[in-house]
Amino acid sequence: MIYISEEQSAALVTHELAYDAVRRALVAAGSQHSRIFPAVLGRAHQADNTFSVKSGSMEGLVGVKVGSFWSGNPARGLPRHNSSIMLLDQDTGRLAAVIEAGRVNAYRTAACDAVAADHLARAQSRVLAIFGAGNQATFEVQALARIRPIDTVLVVARPSPRRDAFIANLRATGLEARAALPEEAVRAADIVVTATPSRAPLFEAGWVRPGTHVASMGSDAPGKQELPTELFAHARLFCDLVAQSVQIGDFQHIHPQIDSGALMVTPIGAVIEKQAPGRRSDGEITVFDSSGISLQDLCMADALIRAQAAQH
């Protein structure tokens, strides 16, 4: 059995590796040979400690990812978010690999944002508005700056030392970064990314300019919401997996309209495969809802195993 520790996987992962692995997963999600099963969301005895189990299979890969959020970990010098991926042997069902993937998960989530933006954001997008200044926000900015000429980052988050450190770190990489109020940030942005645990819309639909690309990256459980539903009628809608997006993603709030056909949602994998159009004009508003699918984790695990093998 292959075992890759948290320290090893963190040393192996790159934005390039994550982008390629996630792109492969998003394409596979549309294949008749792939299966993605409903996410299991659970709580530990202490109610603010939560976990999720996502499972699936595709050609060559089958397994599960267990993600956890343990609120008291920072006091122990540990990250709140942790992740473990388990691959099963296709022939025997026994464990083939265990990969600790806490840091890897942040790369994986940001890569999904980047793959979608590569097909949906305008080519000359330079101003990024990001809601949230937590662990995930840094990875989102880095991943998007690889595929678009981002030079300005407007950070929407409550005043805190963490927010200030986030902005300082962005400036140290050469980006123009500063704190901004929600309306100012959205009105100025070419790309808007939300990476929060919000349960109410973070901005108003009327603030979004024509041509903007919007991505919800934090809605991944029932009741979570980052985007205003009024925006959806005036935008083209995309997601990683429709069946999951309408259950735990931001599109859960327009589930009836999607079921009735009043609003259409396109899987981003179909855009990658040129089975459906991505951005069609510079004036379109595009919205991408990512709740994170198991195939991303399986492909990340496979890519890490290959990367480790290449070092020996």
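Model, not experiment: these values are computed from the prediction. (Residues numbered from 1 in each chain as written. Predicted model: local features only at pLDDT ≥ 70, side-chain atom pairs only at ≥ 80, totals over all residues. Heavy atoms only, no water.)

**A short note on the nonpolar core**
For step 1, the next point in the chain: Within the largest apolar cluster, 70 residues are counted, with the highest numbers of intra-cluster contacts made by Ile99 and Val153.
For step 2, the next point in the chain: Apart from residues no more than four positions distant in its own chain, Val153 is found in contact with Leu128, Ile130, Val141, Leu170, Leu175, Glu176, Ala177 and Arg178.
For step 3, the next point in the chain: Among the nonpolar cores identified, the runner-up in size contains 29 residues, and Ala129, Ala185, Val186 and Phe251 belong to it. (Core = buried A, V, L, I, M, F, W, Y, C linked by side-chain atoms within 4.5 Å. Buried < 20%, exposed > 50% of the residue type's maximum accessible area, 1.4 Å probe, protein only. Contact = heavy atoms within 4.5 Å.)

**With respect to the packing of helix α2 (residues 15-28) against helix α3 (residues 102-120)**
For step 1, the next point in the chain: Packing of α2 against α3 brings their axes to within 8 Å, and their N-to-C directions diverge by 70°. Comparing their axes, α3 and α2 come out roughly perpendicular. The two elements α2 and α3 meet at a crossing, and its hand is right-handed. Note on element contacts: α3 touches α2 through Tyr107, Arg108, Ala111, Cys112, Ala114, Val115 and Asp118, opposite His15, Ala18, Tyr19, Val22, Arg23 and Leu26. (Axes fitted to C-alpha atoms, helices over the stretch in contact; angles between N-to-C directions. Helix = DSSP H or I, 4+ residues; strand = E, 2+ residues; numbered from the N terminus. Parallel < 35°, antiparallel > 145°, perpendicular 65-115°, else oblique. Left-handed = near helix turned anticlockwise from the far one by under 90°.)

**Here we look at the packing of aromatic side chains**
For step 1, the next point in the chain: Scanning all chains against the criterion turns up three aromatic pairs.
For step 2, the next point in the chain: Pairing Tyr107 with Phe139 gives two aromatic rings, centres 5.1 Å apart and planes at 65°, and the pair type is edge-to-face. One end of the pair, Tyr107, is in helix α3; the other, Phe139, is in helix α4 (residues 135-147), with 32 residues separating them in the sequence.
For step 3, the next point in the chain: Looking at Phe139, the relative accessible area reads 6%, which means it is buried. (Phe/Tyr/Trp six-rings, centres within 6.5 Å; stacked < 30°, edge-to-face > 60°.)

**Description of the sheet that holds strand β15 (residues 286-289)**
Where strands meet in a sheet, backbone hydrogen bonds hold them as pairs that are either parallel or antiparallel.
For step 1, the next point in the chain: Spatial strand order, β10-β9-β8-β11-β12-β15-β13-β14: eight strands in an open sheet with parallel pairing. In this open sheet, the two edge strands, each paired with only one partner strand, are β10 (176-179) and β14 (265-267). Each strand of the sheet is rotated relative to its neighbour by a mean of 20°, with strand direction disregarded.
For step 2, the next point in the chain: Its contacts with the sheet place α3 against β11 (191-194), β12 (213-216), β13 (236-239) and β15, and it is angled at close to 160° to β15.
For step 3, the next point in the chain: Its contacts with the sheet place helix α5 (residues 161-172) against β8 (127-131), β9 (152-156) and β10, and it is angled at close to 165° to β10. (Pairing = 2+ DSSP bridges.)

**So, unusual backbone geometry**
For step 1, the next point in the chain: Look at Lys274: it is not a glycine, yet its phi comes out positive at around 60°.
For step 2, the next point in the chain: Take Lys274: it is sitting in the loop between α9 (268-272) and β15.
For step 3, the next point in the chain: The exposed category is assigned to Lys274, whose relative accessible area is 76%.

**Quick notes on the side chain of Ser52**
For step 1, the next point in the chain: For Ser52, the location among the structural elements is in strand β4 (residues 49-58).
For step 2, the next point in the chain: Judged by relative accessible area, which is 16%, Ser52 ranks as buried.
For step 3, the next point in the chain: When sequence neighbours within four positions are dropped, the list of residues in contact with Ser52 reads Val40, Leu41, Lys65, Val66 and Gly67.

**Some remarks on helix α10 (residues 294-310)**
For step 1, the next point in the chain: End to end, α10 covers 25 Å across 17 residues, agreeing with the expected 24 Å (1.5 Å per residue, within 8%).
For step 2, the next point in the chain: Burial analysis of α10 places 14 of its 17 residues in the buried class, the great majority of the element. (Expected span 1.5 Å × (residues − 1).)

**As for the packing of α3 against α4**
What describes two packed helices is the angle between their axes and the distance between those same axes.
For step 1, the next point in the chain: Relative orientation of the contacting elements α3 and α4 amounts to 40°, with a least axis distance of 8 Å. Judged by the angle between their axes, α3 and α4 are oblique. In this structure, α3 meets α4 at a crossing whose hand is right-handed. Here Arg103, Ala106, Tyr107, Thr109, Ala110, Asp113, Ala114, Ala117 and Asp118 of α3 lie close against α4, whose contacting residues are Asn135, Gln136, Phe139, Glu140, Ala143, Leu144 and Ile147.
For step 2, the next point in the chain: In the contact of α3 with α4, the residues fall into nine nonpolar, three polar and four charged. (Nonpolar A, V, L, I, M, F, W, Y, C, P; charged D, E, K, R; others polar.)

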